[in-house]
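Observations on the three-dimensional arrangement
Given next are the chains, with one letter for each unit.
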Amino acid sequence: MLTYTIKRIGLAVLILFLVMLAMYAMVFVVPGDPAAVALGPRATPALKAELITRMGLDQPLYAQVWNFFRNAATGDLGFDVWSKRPVLSMILEVFPNTLILGAVALGVALVLGVSLGCLSVIWRGSLIDRVLAILSVSMISVPSFVIAIYGLLIFSVWLGWLPAIGAGEKGDLGSQARAVILPAFAVGISWVGYLARLVRASMLEVMGANHIRTARAFGLPEGRIVARYALRIAIIPTIAILAVGFGSILSSAVFVETVFSRPGIGSLITQAVAKRNYPLVMGTVLFMTAFYLVVVTAADLLIARLDPRVRDVYRS
Amino acid sequence: MDWNTDRRGLLKAAGALAGLMTVPNIAWAVEGDTLRVRVDGDLQVLDPWGNLGGIDEMIPRCTTVALIRFGDTREGNPLFNWGAEKYEWTDDKTIAFTLREGLVWNKGFGPVTADDVKYSFERIANSDSPWAYQFEKLDHVEVVDARSGIIHLKEAFRPFEIIALPYYGGHIVCKAAVEAVGGKYTTEIPAECGPFLMESWEQGQKATLVANPDWTGPKPDFSKIEIYIVVDDQAAQLAYEADAFDYTRLAVSASKQVKENLPAGATLLEMASSRYAWLTINIASPQLQDIRVRQAIQYAYDGDAVLLGAYDGLTGRSAGVVLPSTPYAREKNLIDRDVEKAKALLAEAGVSDLTLTLNVQTDSTSQAVAQIIQASMAEAGITIEIAPTEDAAYWVLGDKTQGDGYKTIELVLMSFAGGIEPTENLVWFRPDQIGAWNWSSFDSPEYEELYQKAQIETDTAKRKELCNRMEDLMEQSGGFIFICFEPFVALHDDNLKPVILSDGYLDPVMFKKL
């Protein structure tokens, strides 16, 4: 297990390094002058030059990469070129919003997806099963920003039930809870469909197992068989992909946070990229990549702990 | 498992659903004494030395004072005393002022003094501040006593009070407080003296201002201002309809749809902004060096189609870059659409199969303008290839520090936020701006000479003549097609009278309840 753990962590560090290297390469490949974008027509050449220096873009590429990693290793992700605030504190200020959004979205997806998957199995082959199949595929294929716009239109504009923008008032849990419903729904909806199909497929496999047949022979109700005996086994592959799902949900947050004007790491990245605010772009990408790698690595280690076959593959 | 649906069950479910639908709309936003306005970007630099407009400019308007301020642009941009109780030109080069009594900095920094005014202006003049050009004519500020001073200019320059004093670099900062934080600041204002104090800032979400208890000036109608940061125009429109705020600017393209379905209790505001749009025709570009080719493009351009198709007919054709509501604007263009003449000019120049690249930004209005230009040029046999260009790449197209690309760009759809003072808009087309912001490579010594004269001319009629001639030269060079002053579209509550300044930004302090 130790060898496996070391290998997984080593791989995560390597991925992190390569991602940041790719990010630096992109800074030089993508056209555009951050100083001109940000300062506009009234910028003096001296002011532009100062900004370029502040971003560290006047240094050679290797020096920039080296400085970035050296500083990042000590928790210093640099300073926002405009507000001069530490990038890390800017990220930490908004990250809880994204984390809550991701967690609620995943929770919604899990509850609805697993329920719909179970219902499909209970009514397999029936009209309801077919309707749920269409519904699931529709949910997978509709982009999250479309759901966001329609959700906003229906629940905020027409019905006025939920707030249209923001993350709720500070210190007011009720307000914050209401503010997360629509964005979480928009982000999580495609995973509802995905999980429903996954649960249905793996559960159909389990439903043919001997112990399920025995349960039926004992006359147990179908609902109880599904909930107590089949789901327990069928849910394992679902849990395995949740870590990946969490990453995907965080990516969707970029669109949804923009539509709902919800402060978060997605909207922070969007604005930073638009203004070529490189220290902020680098810092947020590093943070998000690291976070995602921690989640995926932790999930891998957990699976390996639960399933010896996985770590045996690495051992061999 | 059985699934039974009967009539009674269906009625019960429908009843429950109908009950839910009738739950009264919950008002999430704060109402009453709070003004809620929307802006499209987060704050970055609140220091007048380096603020970049938008919310960065709006907040100092509330939290500090300027000697004088502008009123609503729809009322002709009237100037009135604000931080100064006495303000007068004593001659063409000096302005005497006395600060209003009772102006006090918070956080214990004492009264606002003439020395603060001196510090505020002189730290920007001759510095690298983007607003340094506003104070180019400032010689120095003489402190007479604690509240009085005299602004000395290097030469007669009446537009100084329009360009420099009412906003941006004209906001007064507290010398002691700013020096205590190292001479510049960003998101934390070291001391405030205006009618409002900044209470909180939630990054990417909103800034909240509350009434300053020590403010002794005219009492604003609202005791709290919430400035919501919503980047996306469409999301902002929906949020307005959901009663998230009282005022929002809209995308021009939304105007028609909003007019047809105006939300209850809302007023749609449409007016010309000070943002001027034009088509740059790069004289230096190899394919455009023959003036007949450039003129062919000018004659082929269908101005009416652009105004109708891209701007919903909300604005008229512009005849230059000088704001039409000022006494200096040119009445009409020299060249009107004439496709046959365009074809004849191309034939005379011996040019056939002309294909040009048109760089445009990626917003929907720019794209629409570009497509209409493409269609109108096609009628004259000119093929236009539209190149949608993302902001960061777009703004360096004509920048000589990025290489020689500025010599080969062909057509670029451009727009700048303009000012009331004509020289503020004409400055970008001087010869020294080639490779900076004069992307037409328009190089006219006469233009430069006229510009210098217009700077100091005090007679309105003579100044108009100078400005009009400069715009004639621009058009005659074949380097420009003037499109329009872009429309400004906003939605606000019926019971609100917004105050919109010439740059399109708001003065929330002056908003009135009706």
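For clarity, every value in this text was computed on a predicted model and none was experimentally measured. (Residues numbered from 1 in each chain as written. Chains lettered and ligands numbered in written order. Predicted model: local features only at pLDDT ≥ 70, side-chain atom pairs only at ≥ 80, totals over all residues.)

Overview of the overall build of chain B
When helices and strands are tallied, chain B shows 15 helices and 18 strands. Once the C-alpha set of chain B is aligned to its principal axes, its extents read approximately 90 × 75 × 40 Å. Out of the 514 residues belonging to chain B, those deemed buried represent 50%. Restricting to contacts in chain B with at least 6 residues of sequence separation, those with at least 24 account for 67%. (Helix = DSSP H or I, 4+ residues; strand = E, 2+ residues; numbered from the N terminus. Buried ≥ 20, exposed ≤ 12 C-beta atoms within 10 Å, placed from the backbone. Contact = placed C-beta atoms within 7 Å.)

A word on the overall build of chain A
A count of helices and strands for chain A gives 14 helices and zero strands. The dimensions of chain A, computed from C-alpha atoms along their principal axes, are 85 × 60 × 35 Å. Counting all 316 residues of chain A, 38% fall into the buried class. Look at the contacts in chain A between residues 6 or more apart in sequence, and 73% of them connect residues 24 or more apart.

What about the packing of helix H5 (residues 87-122) of chain A against helix H6 (residues 127-141) of chain A?
Packed helices, taken two at a time, are described by the angle between their axes plus the distance between the axes. Residues and elements named next belong to chain A. Here H5 crosses H6 at 150°, and the two axes come no closer than 8 Å. As far as their axial angle goes, H6 and H5 are roughly antiparallel. Relative to H6, the crossing made by H5 is left-handed. Taking contact as the criterion, the partners of Leu116, Leu119 and Ser120 in H5 are, on H6, Ile128, Asp129, Leu132 and Ser136. (Axes fitted to C-alpha atoms, helices over the stretch in contact; angles between N-to-C directions. Parallel < 35°, antiparallel > 145°, perpendicular 65-115°, else oblique. Left-handed = near helix turned anticlockwise from the far one by under 90°.)

Some remarks on the confidence of the model for chain B
Residues and elements named next belong to chain B. Of the residues in chain B, 94% reach a pLDDT of 70 or more, and the chain-wide mean stands at 89. Across chain B, the element-wise mean pLDDT spans from 45 in helix H1 (residues 7-21) up to 98 in strand S5 (residues 94-99). In the predicted structure, residues 1-7 sits below a pLDDT of 50 and forms four contacts with residues beyond four places in sequence or in another chain. Per-residue pLDDT stays below 50 along residues 9-31; that stretch engages in twelve contacts with residues further than four places along the chain or on separate chains. (pLDDT = per-residue confidence, 0-100.)

Considerations on the interface of chain A and chain B
Listed as interface residues are 46 residues of chain A and, on the opposing side, 40 residues of chain B. For the side of chain A that touches chain B, the elements supplying multiple residues, two or more each, are helix H2 (34-39), helix H3 (45-55), H5, helix H7 (144-158), helix H10 (222-234), helix H11 (236-259) and helix H12 (265-274) of chain A. In the side of chain A that touches chain B, the residues fall into 25 nonpolar, twelve polar and nine charged. (Nonpolar A, V, L, I, M, F, W, Y, C, P; charged D, E, K, R; others polar.)

A word on the domain arrangement of chain B
Segmenting chain B into domains produces domain 1 (13-227 + 489-513) and domain 2 (275-485). Each side of the interface is counted separately: domain 1 of chain B has 13 residues, and domain 2 of chain B has eleven residues. (Domains from an automatic or database assignment.)

Notes on helix H3 (residues 114-122) of chain B
Within H3 of chain B, burial applies to Ala114, Asp116, Val117, Tyr119, Ser120 and Phe121 of chain B. Considering only its buried residues, H3 of chain B is in contact with S5, strand S6 (138-143), strand S7 (148-153) and helix H5 (175-180) of chain B.

Side note on the domain arrangement of chain A
All names here are of chain A. Parsing chain A into structural domains produces domain 1 (1-82 + 277-316) and domain 2 (91-274). Taking the mean C-alpha position of each, domain 1 and domain 2 sit 29 Å from one another. Each side of the interface is counted separately: domain 1 has twelve residues, and domain 2 has twelve residues. When its residues are assigned to classes, the side of domain 1 that touches domain 2 shows nine nonpolar, three polar and no charged.

Examining the nonpolar core
Residues Leu195 of chain A together with Ala239, Trp278, Ala296, Ala300 and Ile373 of chain B are the most contacted members of the largest nonpolar core, which totals 222 residues. If one sorts the elements of this core by residue count, helix H8 (residues 173-207) of chain A sits on top with 17 residues. Not counting the four nearest positions on each side in its chain, Ala296 of chain B is found in contact with Ala342, Leu345, Leu346 and Ala380 of chain B. (Core = buried A, V, L, I, M, F, W, Y, C linked by C-beta atoms within 7 Å.)

Side note on the environment of Ser115 of chain A
Within the fold, Ser115 of chain A resides in helix H5. On a C-alpha basis, the gap between Ser115 of chain A and Arg200 of chain A in space is 9.7 Å, while along the polypeptide they are 85 residues apart.

Overview of the packing of H5 of chain A against H8 of chain A
Taken N-terminus to C-terminus, the directions of H5 of chain A and H8 of chain A make an angle of 35°; their axes are 5 Å apart at the nearest point. The two elements H5 of chain A and H8 of chain A cross, and the hand of that crossing is right-handed.

Things to note about the sheet that holds S7 of chain B
Residues and elements named next belong to chain B. Taken in spatial order, the four strands line up as S4-S5-S7-S6 in an open sheet, and their pairing is antiparallel. Each end of this open sheet is capped by a strand with a single partner; those strands are strand S4 (84-91) and S6. Neighbour-to-neighbour, the strand axes of the sheet open up by a mean angle of 20°, direction not taken into account. Of the strand pairs in this sheet, S4 and S5 are connected by six bridges, and their pairing is antiparallel. Bridging from a neighbouring strand, Asp91 pairs with Thr94 of S5. (Pairing = 2+ DSSP bridges.)

Considering unusual backbone geometry
Residues and elements named next belong to chain B. Residues other than glycine seldom take positive phi values, yet Asn77 does so here, at roughly 50°. For Asn77, the location among the structural elements is in the loop between strand S2 (68-70) and strand S3 (79-81). Positive phi values are uncommon outside glycine, yet Asp353 reaches one of about 50°.

Quick word on the environment of Ser267 of chain A
With respect to the helices and strands, Ser267 of chain A occurs in helix H12. By the C-beta count within 10 Å, which is 28 here, Ser267 of chain A ends up buried. Taking the C-alpha atoms as reference points, Ser267 of chain A and Leu250 of chain A, separated by 17 residues in sequence, lie 11 Å from one another. In contact with Ser267 of chain A, not counting residues within four places along its chain, are Glu257, Thr258 and Arg262 of chain A together with Gly204 of chain B.

Comments concerning the environment of Val231 of chain B
Along the chain, Val231 of chain B falls in the loop between strand S10 (224-229) and helix H6 (233-241). For Val231 of chain B, a count of 19 C-beta atoms within 10 Å puts it in the partly exposed group. Put simply, Val231 of chain B and Ile297 of chain B are 66 residues apart on the chain and 36 Å apart in space, counted from C-alpha to C-alpha. If near-sequence neighbours (up to four positions away) are discounted, Val231 of chain B is found in contact with Thr258 and Ser261 of chain A together with Asp40 and Gly41 of chain B.

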